[in-house]
Amino acid sequence: MGKLHVKVAVIGAGMAGLVAARELRREGHRAVVFKRADDVGGTWLYDPRVESDLLGLDPGRDVVHASMYWSLRVNLARQLMGYSDYPFLKKGCGDSRDFPGHEEVLWFLRGFAEDFGLVELIRFGHEVVRVERAVEGGRDQWAVEWRRRGGEEAAAGVDVFEAVVVCNGKYTQPKIAEFPGRSTWQGEQLHSHNYRVPKLYKNKIVLIIGRGISAGEIAKDILPFAREVHQASRETNPQVVKLNKVSGVFQHPMIACAKENGKLVFQDESSMYADVIIHCTGYRYHYPFLKMEGLVCVDNNRVGPLYEHVFPPSLAPWLSFIGIPYPTFPAQLSELQSKWVAKVLSGELVLPSEEEMMSSVQEHYQRIEELGWPKHCTHKLEIGKFEYENWLADRLGLPSLEQWREKLALIGLEMLKSSDGNWKDTWDVDKWMQEEGFGKQSLNR
Ligand code: FAD
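Residues numbered from 1 in each chain as written. Predicted model: local features only at pLDDT ≥ 70, side-chain atom pairs only at ≥ 80, totals over all residues.

Peer 1: Is there a simple way to explain the overall build of the protein in this structure?
Peer 2: Within the protein, the regular secondary structure consists of 10 helices and 20 strands. For a compact globule of 445 residues, the expected C-alpha radius of gyration is about 22 Å, and the protein comes in at 22 Å, within 12% of that figure. Evaluated residue by residue, the protein yields a buried proportion of 36% over its 445 residues. Counting contacts in the protein only where the partners sit at least 6 residues apart, residues at least 24 apart contribute 63% of the total. (Helix = DSSP H or I, 4+ residues; strand = E, 2+ residues; numbered from the N terminus. Rg over C-alpha atoms; globule rule 2.2 N^0.38 Å. Buried ≥ 20, exposed ≤ 12 C-beta atoms within 10 Å, placed from the backbone. Contact = placed C-beta atoms within 7 Å.)

Peer 1: Help me understand the nonpolar core, please; the structure alone is not making it clear to me.
Peer 2: In summary, soluble globular proteins display a tendency toward joint burial of nonpolar side chains. Val 8, Val 10, Leu 18, Ala 20, Leu 109, Val 164 and Val 165 are the most contacted members of the largest nonpolar core, which has 73 residues in total. Beyond its immediate chain neighbours, meaning those up to four positions away, Val 165 contacts Val 8, Val 10, Ala 20, Ser 320, Ile 322 and Val 341. Of all hydrophobic cores here, the second largest spans 24 residues; its members include Phe 179, Leu 207, Ala 232 and Val 249. (Core = buried A, V, L, I, M, F, W, Y, C linked by C-beta atoms within 7 Å.)

Peer 1: I'm lost on the site of the ligand in this one. Help?
Peer 2: Taken together, 31 residues lie around the ligand, and Gly 12, Gly 14, Gly 42, Val 74 and Gly 169 are the ones closest in. Going through the elements one at a time, α1 (15-26), β2 (30-35) and β4 (126-136) are the ones with two or more residues in the shell around the ligand. At three residues, α1 tops the list of elements feeding residues into the shell around the ligand. Of the residues assigned to the shell around the ligand, the class counts are 16 nonpolar, 12 polar and three charged. (Near = placed C-beta within 6 Å. Nonpolar A, V, L, I, M, F, W, Y, C, P; charged D, E, K, R; others polar.)

Peer 1: For this particular structure, what's the right way to read the sheet that holds β4?
Peer 2: Within a sheet, neighbouring strands are paired by backbone hydrogen bonds and run either parallel or antiparallel to one another. The three strands lie next to each other as β4-β5-β6, forming an open sheet whose pairing is antiparallel. Two strands in the sheet have a free side with no partner beyond their single neighbour: β4 and β6 (155-161). Sheet twist, expressed as the average angle between the axes of neighbouring strands with direction ignored, equals 20 degrees. (Pairing = 2+ DSSP bridges. Axes fitted to C-alpha atoms, helices over the stretch in contact; angles between N-to-C directions.)

Peer 1: Where do I start with the pairing of strand β11 (residues 228-233) in this structure?
Peer 2: Consecutive side chains of a regular strand alternate in pointing toward one face of the sheet and then the other. Summarising burial for β11: five of the six residues are buried, a large majority. Taken together, strand β10 (residues 205-209), helix α3 (residues 213-222) and β11 form a β-α-β motif whose crossover is right-handed. Bridge count for β11 against strand β12 (residues 250-253) is four bridges, and the pairing is parallel. By the bridge assignment, Ser 233 is partnered in β12 with Pro 253. (Right-handed = clockwise from strand over helix to strand, strands pointing away.)

Peer 1: Sorry, what's going on with the packing of α1 against helix α5 (residues 330-346) here?
Peer 2: Each pair of packed helices can be summarised by the angle the axes make with each other and by the distance between the axes. For the pair α1 and α5, interaxial distance at closest approach is 8 Å and the crossing angle is 35 degrees. Crossing hand, α1 versus α5: right-handed. Here Met 15, Ala 16, Val 19, Ala 20, Glu 23, Leu 24 and Arg 26 of α1 come into contact with α5, specifically with Pro 330, Ala 331, Ser 334, Glu 335, Ser 338, Lys 339, Val 341 and Ala 342. Its residues assigned to classes, the contact of α1 with α5 comprises nine nonpolar, two polar and four charged. (Left-handed = near helix turned anticlockwise from the far one by under 90°.)

Peer 1: So what exactly am I meant to see when it comes to unusual backbone geometry here?
Peer 2: With the exception of glycine, the majority of residues adopt a negative phi angle, and the majority of peptide bonds are in the trans configuration. Between Gly 304 and Pro 305 the backbone carries a cis peptide bond, its omega angle lying at -5 degrees. Within the secondary structure layout, Pro 305 lies in the loop between β19 (302-304) and β20 (319-321). Note that the residue after Tyr 326, namely Pro 327, is joined by a cis bond; omega there is -15 degrees. Mapped onto the fold, Pro 327 is located in the loop between β20 and α5.

Peer 1: How should I be thinking about α3 in this particular structure?
Peer 2: Helical geometry note: an α-helix holds 3.6 residues per turn, so side chains three or four residues apart project in the same direction. Judged by how many residues are buried, α3 sits mostly within the fold: eight of 10 residues are covered. Listed as buried for α3 are Ser 214, Ala 215, Gly 216, Glu 217, Ile 218, Ala 219, Asp 221 and Ile 222. Each element contacted by the buried residues of α3 is listed here: β10, β11 and β16 (276-279).

Peer 1: How should the sheet that holds strand β7 (residues 163-166) be read in this particular structure?
Peer 2: What the five strands build is an open sheet, ordered β3-β2-β1-β7-β20; its pairing is parallel. In this open sheet, the two strands that pair with only one neighbour each are β3 (122-124) and β20. Adjacent strand axes in the sheet meet at a mean angle of 20 degrees when their direction is disregarded. Bridge analysis of β2 against β3 gives three bridges, and the strand direction is parallel.

Peer 1: So what exactly am I meant to see when it comes to the packing of α5 against helix α7 (residues 387-395) here?
Peer 2: Remark: α5 packs on α7, axes separated minimally by 10 Å, with the N-to-C direction vectors making an angle of 35 degrees. Where α5 crosses over α7, the two elements pack in a sense that is left-handed. Along the contact surface, α5 presents Gln 332, Leu 333, Leu 336, Gln 337 and Trp 340, while α7 presents Glu 389, Leu 392, Ala 393 and Arg 395. Looking at the contact of α5 with α7 residue by residue, the class counts come to five nonpolar, two polar and two charged.

Peer 1: Explanation requested: the environment of Gly 347 in the structure shown.
Peer 2: Tracing the backbone through its elements, the reader meets Gly 347 in the loop between α5 and α6 (354-370). In this structure, Gly 347 is in contact with Met 1, Lys 3 and Leu 4, ignoring residues within four places of it in sequence.

Peer 1: Could you clarify how one ought to interpret the environment of Leu 408 in this entry?
Peer 2: In this fold, Leu 408 is placed in helix α8 (residues 403-417). Once the C-alpha coordinates of Leu 408 and Met 433 are considered, the two residues, 25 residues apart in sequence, prove to be 8.2 Å apart. When near neighbours in sequence (up to four residues on either side) are disregarded, Leu 408 contacts Ala 77, Gln 79 and Leu 80.

What follows is the structure, given as structure tokens:
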């Protein structure tokens, strides 16, 4: 039997949507990419605007997609940020550092879209507002309703597709820290999603909640401007707190309550007054356009049920999700998942039966429980194992990840945790690769 070629809607044109479009086309499918913004890049398209609700709680707010702040430099070496056949070369907009600023990634993605002729597949400025199953000509299909904003060009419509690939990103819908008195506290509160530049915090006392990468980096960014920077988190392990400590930033346990007089009381009963609280507390998976009647939903940040984080068993392969698992190499993971989706849609690869996929999902949930991880960690991959990436490569008949990638990723993780604030400038990744016997990845073409 010949390959099946289908009409596919791809939602998003970031790192995931672009490679999904390329792989779908390579496999002979007709891809149409819907993109809310007027340029490719997703997260990497820096937007100076912030949302009207700085905590992102109001569902009716005008959504700003990107969570980029102006000073952001990548935290994954550029050697790990490219696609398998399209490395992140040192030639973009002139920032040839191993850990360049965010603009360089945007240039890389624009180059990728142009070099593979993907721009012609993209409907810019088209926000998808509804995706629903529809029976057309006696066949199960997908109705994709879209809206185009803006003056004379405003428009809306519905198109029908045989398959939908969701690539809308996972860093737009903020998750905030809750504590008694939070909603009535009189100071300014924002989520890191709406953090852009440090000068706004000049002479202010800022409390950052969280202990992840963004919390540390934003603390460092604000430190030269603010009167004082404090950090609170629910992390109780003193070793972890010590390891992630930014020099000059005062450390606290989590806030126990916020008083009406503005005082913030911590769990160890110490207290302080602050002008601003920045919630660096992560994001939620969010698919407001999916009307799935419970066949796939988000429950406590578990998107499910999903076979291997990609296919809802009862709708496979006609609905799929790219880019859900973490931590990983986003470009490479999206590429592997996209190849898998494209080949399953064409019939070149076959999925297990719906029942088998469902039992695999249940086994995965069981494993999460055994690891002692809460439900919201369903899509978390075990650090340093790379089993998922290699499982995908194996499905596709591709070799496992090169050893240098695995090792570089692990060393990078150690660096992220190190107290050396300048590691992105002092670590010569090419030199390290040569010393380790991995040769040099040519990024200078
Ligand atoms: P996105 O880049 O978010 O793209 C999603 C796309 O979907 C966008 O184009 C958006 O406009 C579109 N969209 C959303 N909803 C709709 C809709 N309803 N209709 C139409 N279009 C829609 N990764 C690294 O590799 N290295 C790093 O150093 C790194 N640092 C990061 C720092 C921060 C602060 C953040 C937030 C992320 C970072 N990442 C990093 C991860 C980053 O998210 C990935 O690199 C990558 O951008 C993910 O791509 P994506 O396509 O999945 O999502």
